[in-house]
Amino acid sequence: MEAAGAEKPIYRASTTAPVNIAVIKYWGKRDPKLNLPTNSSLSVSLDQADLRTHTTASCSSSYSSPDTLTLNSKPESLEGARPQACLSSLRALRSELEEKDPSLPKLSTLPLRIVSSNNFPTAAGLASSAAGFAALIRAIADLYELPQDPTTLSLIARQGSGSACRSLLGGYVAWDHGTEADGSDSKARLVAPKSHWPSMRALILVASHEKKDVSSTAGMQTTVQTSQLFKTRAEVVVPAAMEAMEKAIAEKDFESFAKVTMRDSDSFHATCLDTTPPIFYMNDTSRAAIRAVENLNKRAGKIIAAYTFDAGPNAVIYYLHENREAVVGPFKRALGEKEGWLGQQGAAIGYAEIAQEDEIVMAKLKSGVSRVILTGVGEGPVSVQEHLVDEQGNPAD
Ligand SMILES: Nc1ncnc2c1ncn2[C@@H]1O[C@H](COP(=O)(O)OP(=O)(O)OP(=O)(O)O)[C@@H](O)[C@H]1O
Ligand SMILES: C[C@@](O)(CCOP(=O)(O)OP(=O)(O)O)CC(=O)O
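Please read all numbers here as calculations on a predicted model, not as lab measurements.

Criteria and thresholds
- Residues numbered from 1 in each chain as written.
- Chains lettered and ligands numbered in written order.
- Predicted model: local features only at pLDDT ≥ 70, side-chain atom pairs only at ≥ 80, totals over all residues.
- Heavy atoms only, no water.
- Buried < 20%, exposed > 50% of the residue type's maximum accessible area, 1.4 Å probe, protein only.
- Helix = DSSP H or I, 4+ residues; strand = E, 2+ residues; numbered from the N terminus.
- Pairing = 2+ DSSP bridges.
- Domains from an automatic or database assignment.
- Contact = heavy atoms within 4.5 Å.
- Buried area = accessible area lost by both parts, 1.4 Å probe.
- Salt bridge = Lys/Arg side-chain N within 4 Å of Asp/Glu carboxyl O.
- Near = heavy atom within 4 Å.
- Polar contact = N/O pair within 3.5 Å; in protein donor to acceptor, adjacent residues only side chain to side chain.
- Areas by Shrake-Rupley, 256 points an atom, 1.4 Å probe, with all protein chains shown as cover.

## Here we look at the pairing of strand β13 (residues 200-206)
Argument step 1. Among the seven residues of β13, seven are classified as buried, and the element is accordingly described as predominantly covered.
Argument step 2. Here β13 shows two buried faces, one formed by Met200, Ala202, Ile204 and Val206 and the other by Arg201, Leu203 and Leu205.
Argument step 3. Examined bridge by bridge, β13 and strand β15 (residues 315-320) share six bridges and lie antiparallel to one another. Among the inter-strand pairings, Arg201 is bridged to a residue of β15, identified as Tyr319.
Argument step 4. In this sheet, strand β16 (residues 371-376) lies alongside β13 in antiparallel orientation, the contact comprising six bridges. Bridge assignment links Ala202 to a residue of β16, and that residue is Thr375.

## Here's the deal with the domain arrangement of the chain
By a widespread convention, an interface's size corresponds to the accessible area lost as its parts come together.
Argument step 1. If you check the domain split of the chain, you get domain 1 (2-193) and domain 2 (200-376).
Argument step 2. At the interface, 32 residues of domain 1 touch 43 residues of domain 2.
Argument step 3. The junction of domain 1 with domain 2 conceals about 3200 Å² of combined surface from both sides, 68% of it contributed by carbon and sulfur atoms.
Argument step 4. Broken down residue by residue, the surface that domain 1 buries against domain 2 is led by Val23, Lys25 and Trp27, which jointly contribute 27%.
Argument step 5. Among the ionic pairs, Arg189 bridges to Glu246, the shortest N-O distance being 2.9 Å.
Argument step 6. Those elements giving two or more residues to the side of domain 1 that touches domain 2 turn out to be β3 (20-24), β6 (41-45), β11 (172-175) and β12 (188-192).

## Section: the site of ligand 2
Argument step 1. Around ligand 2 sit 18 residues in total, of which Tyr26, Lys29, Gly162, Ser163 and Thr217 are the nearest.
Argument step 2. At 2.7 Å from an oxygen atom of ligand 2 is found a side-chain nitrogen or oxygen belonging to Ser161.
Argument step 3. At 2.8 Å, a side-chain N or O of Arg166 approaches an oxygen atom of ligand 2.
Argument step 4. Burial of ligand 2 by the protein amounts to 94% of the accessible area it has alone, namely 460 Å².
Argument step 5. Top element by residues in the shell around ligand 2 is helix α4 (residues 216-226). It accounts for three residues.

See below:
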């Protein structure tokens, strides 16, 4: 935290936070108010060089109430129960510090001015809420100089958006569902840091920039209420998948990682289809991506790519760096004219021939994919000195 200006100081702290894409999906709440999940989940935090939220939290007695959030240059409400739960938990932790040490400035009593920017489309199924809430919590925790570790802070982020708790850590991250009624054991856990398995990559085929029609929050509530498959998924399918996934990560066994990833995505979307009324997050473009991945695995004679889909049609395809030509090459041939290939990773990959069996699916992808993102496993939130609020307390350009 740093303070600018003497009389009425502007206190500021800034952070970036990663997007995470789950390989075992969170879907269903056992307690909607505390945002407690029915099942555990596991994700990969992605490289912030490619996808990140940058947030500055500031407070000052020169600000007027209420607290404000500016997201991508537009005002965003903080009035909902979820952001309010996060803000009051963080203020309570700061006021504990202030009570213990009366010499500390009483930041917990000052209005907050938060400015944030996502370098990717917001609310298009690219987990913006996860990176967004993780950055919000981390930036305010840094502003308040809270001593709590990321796992403890994940308890707060979870109340903003469930998947956000996993973005407080880098690498391979689990969110244990926990069993306590108050949610005190429902938090993020580091399964393995990025350094354990740094060669994991992700090719994201952005199939939609549109805001989705059924939000994750609403969709999972309807699934809990109406799906018959849901109970088996939560009680049988996911616990077995979590065990298999943790083993696959520990052993850096990509084939197992991929099998579990694809099966879990299929299981989650089957549960959505089993909801009344049914929820369709995947579209023809998504299904073409599945076929393309199946075909390239068949050609390789082993599993070298794994698809997964969140609550939207975008495909995330995990693969290892050593297989980049075989996995990404055919997509580059078909989608080379789309935005997203110019970065270091995309430029290094050659154009592979499109196999005959891929011609139809690649044509579908060509018409349905708007851009690609090449990224990989990354680190957790990082404190930065670049502030989005200037020394006078105004949003910086
Ligand atoms: N940088 C940010 N800071 C604070 N809140 C954010 C930020 N970015 C996104 N959000 C919040 O998250 C909301 C979008 O969440 P939503 O769940 O609809 O989409 P998504 O996260 O992209 O998709 P999904 O979670 O299903 O993958 C935004 O409307 C906003 O309220
Ligand atoms: C399909 C998912 O991406 C669902 C994410 O749901 P959210 O975390 O957005 O839901 P809320 O807790 O209601 O905010 C799967 C996942 O990320 O695990």
